[in-house]
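Here is what each chain is made of, one letter per residue.
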Amino acid sequence: MSFRVFRGLLKYQRNFKMKLCLIFGDQLNPNHSWFKTVDDNVLYVMMEVRQETDYVMHHIQKVLAFFAAMREFAKQLRKKGHQVHYIKLDDSGNTQSIPENLTKLIHNNNITRFEYQIPDEYRLDQQIRQFCESLSIPSEALDTEHFLSSRNDVADHFKDKKQYLLESFYRMMRKRYAILIDNDQPVGGKWNFDVQNRQRYDGKVPVPEPIMFQNDVRDLKQLLQKMNVKTFGFADEDPLIWPINHQQAQQVLLYFTVHCLPYFGTYEDAMTKQYWSLFHSRLSFTLNTKMLHPLEAIEAAIHAWEQNKACISLPQIEGFVRQILGWREYMRGVYWAQMPKYKEMNFFENSRKLPHYYWDGDTKLQCLRYAIGQSLKYAYAHHIQRLMITGNFALLAGIHPDEVDAWYLGVYIDAIEWVEITNTRGMSQFADGGLVATKPYVSSANYIQKMSDYCRGCHYDPKKKYGDRACPFNGLYWSFYDRHRDKLANNPRIGMMYRILDRFSDEERKKILEQANWYLENIEDL
Ligand SMILES: Cc1cc2nc3c(=O)[nH]c(=O)nc-3n(C[C@H](O)[C@H](O)[C@H](O)COP(=O)(O)OP(=O)(O)OC[C@H]3O[C@@H](n4cnc5c(N)ncnc54)[C@H](O)[C@@H]3O)c2cc1C
Ligand code: SF4
């Protein structure tokens, strides 16, 4: 126990008024107003608990990165003079439950007031509210001061609408923050530069090495082993490559603005065997743990663009702003507008289990092998790999959204339910019936071949719809449309696919669908 905490505890025993402030593991915002002044009557509490390591099985790097970043944060708060009570996973008094640890702390130390920052996950929100109701001391929930919109902004913006169109929310946010806005109009005369962006990676521009850290997490690895925390994925490389404090987050941001931003939009949707993060920022972990503020990221990128318009074109910066000011804020709003019912949605009534290769990467489908392989290696895949490879296959194969969610929530370094479930169940699996996406994000091998080099050297043939080694994406694509005709045929964005399907001869359609069925029956062996 540090001297400050000891001094603090002595104070409660002498019945001073003492406030306990809870910091959740994803609330590592060093600039929160809580920390502006040092107050001896405030005790911050942070805790590593089995409740959080076990609610889903996580990638080992994700658990290591969260614990390492939490420990760093506690260290930095103490350095600034704040009192922090940090409960480690193997501390003898750790009950492994957030409310139970809080109850003990409050009772044993004459705490007279309890405060917390609102959690981003519904499950934690419910838990902490119930806990506060049971308290006999006053409690208060404060804002995290992190997001650029409120929990209810999306619900209010789309009141009574059946579909939540990102574009409309994004434009409102651009105006609200006057970002890339000139006289109430978008800079460059257009809100959206997607047509210029999203090219295949052609090798003409060198891809920068991703910035990686050497954070020592040996103690934490031993801790997880000692406590038998069940994880998956690899942590072969001893040091943790992910940033664990604000300073490291800023380095990733700077590296991104200098080396990746000039081609961010252009190759946003490209995929290649050679580079696992291409020109993506890899900022999601720092943003979602609140080490980095979204405005800090946006302003740094805009500053870089303003300083260097010769190298960074408007479509690049607009593409980046759209992701953070648009998609990220929008997904959070969708979450709070739709939970808890969102977690039950299963529009296509899918029921299959996720095949083993999502967990071990052992498959002949080369695109899946690469996307899953790098996810297991780095706890990271970029957006289009998540959407158009792993997500696409899961939807075509009819995997139950609970299975898909559990995997995405566990595997990615940045996965926290508010942003995972809206992307997975909503955008990728269309389980919400089209609230987020205007049509299902599915494709045959054609798209994957166009946007990547995965098909080269694959066991399967991307051109074949049936027959020996026909690419499973092809048969499954048509079988998906065939089996969901009643749910999709009236969607104006999909009608074209049914016209193509209906132009196949009966014999050809039969062969395609038979092949797809065979693949589904033998899904574990693909
Ligand atoms: C099926 C699926 C599951 C996903 N699960 C998560 C998740 O658990 N956590 C998560 O943060 N993102 C998730 N995403 C969104 C996106 O894929 C990641 O934010 C992104 O890949 C993170 O890498 P990056 O930081 O290099 O992003 P970049 O491509 O560099 O984008 C910059 C930032 O924009 C934000 N962003 C971009 N796209 C989205 C989006 N669709 N929704 C919300 N924010 C976005 C992120 O904060 C990201 O860091 C998911 C997407 C899909 C299709
Ligand atoms: S041929 Fe099919 S399975 Fe192989 S990489 Fe291409 S899309 Fe993936």
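Residues numbered from 1 in each chain as written. Chains lettered and ligands numbered in written order. Predicted model: local features only at pLDDT ≥ 70, side-chain atom pairs only at ≥ 80, totals over all residues. Heavy atoms only, no water.

K.L.:
Whenever I open this one, the packing of helix 19 (residues 472-483) against helix 21 (residues 495-503) confuses me. Can you help?
P.N.:
Packed helices, taken two at a time, are described by the angle their axes make and the gap between the axes. The interhelical angle for the contact between helix 19 and helix 21, taken along N-to-C directions, is 105°, at an axis separation of 11 Å. As summarised for this structure, helix 19 and helix 21 are arranged roughly perpendicular, according to the angle between their axes. Note on element contacts: helix 21 touches helix 19 through M497, Y498, I500 and L501, opposite Y477, W478, Y481 and D482. Here the contact of helix 19 with helix 21 is composed, by residue class, of 7 nonpolar, no polar and 1 charged. (Axes fitted to C-alpha atoms, helices over the stretch in contact; angles between N-to-C directions. Helix = DSSP H or I, 4+ residues; strand = E, 2+ residues; numbered from the N terminus. Parallel < 35°, antiparallel > 145°, perpendicular 65-115°, else oblique. Contact = heavy atoms within 4.5 Å. Nonpolar A, V, L, I, M, F, W, Y, C, P; charged D, E, K, R; others polar.)

K.L.:
Any chance you could explain the site of ligand 2 here in plain terms?
P.N.:
Close to ligand 2 lie L365, Q366, C367, A445, I448, Y454, C455, C458, Y460, P462, C471 and F473, which account for all nearby residues. Breaking the shell around ligand 2 down by element, the ones donating at least two residues are helix 14 (366-378) and helix 18 (445-451). Looking at the shell around ligand 2 residue by residue, the classes come out as 11 nonpolar, 1 polar and no charged. (Near = heavy atom within 4 Å.)

K.L.:
Quick question: what am I supposed to make of the environment of V411 here?
P.N.:
Inspection of the secondary structure puts V411 in helix 16 (residues 401-411). Residue class for V411 comes out buried when judged on its relative accessible area of 0%. The spatial distance from the C-alpha of V411 to the C-alpha of G233 is 7.5 Å, given a sequence separation of 178 residues. Among all residues touching V411, those that are not within four sequence positions of it are H59, F232, S375, L376 and A379. (Buried < 20%, exposed > 50% of the residue type's maximum accessible area, 1.4 Å probe, protein only.)

K.L.:
Is there a simple way to think about the site of ligand 1 in this case?
P.N.:
The immediate surroundings of ligand 1 are formed by 28 residues, with H280, S281, R282, N288 and Y380 found nearest. In the environment of ligand 1, an oxygen atom lies 3.0 Å from a nitrogen or oxygen atom belonging to the side chain of H383. In the model, a nitrogen atom of ligand 1 is placed 3.5 Å from a nitrogen or oxygen of the R386 side chain. Protein chains bury 99% of the 820 Å² of accessible surface belonging to ligand 1 in isolation. Contributions of two or more residues to the shell around ligand 1 are made by helix 10 (284-288), helix 12 (314-338), helix 15 (383-396) and helix 17 (417-428). Class assignment for the residues of the shell around ligand 1 results in 13 nonpolar, 10 polar and 5 charged. (Polar contact = N/O pair within 3.5 Å; in protein donor to acceptor, adjacent residues only side chain to side chain. Areas by Shrake-Rupley, 256 points an atom, 1.4 Å probe, with all protein chains shown as cover.)

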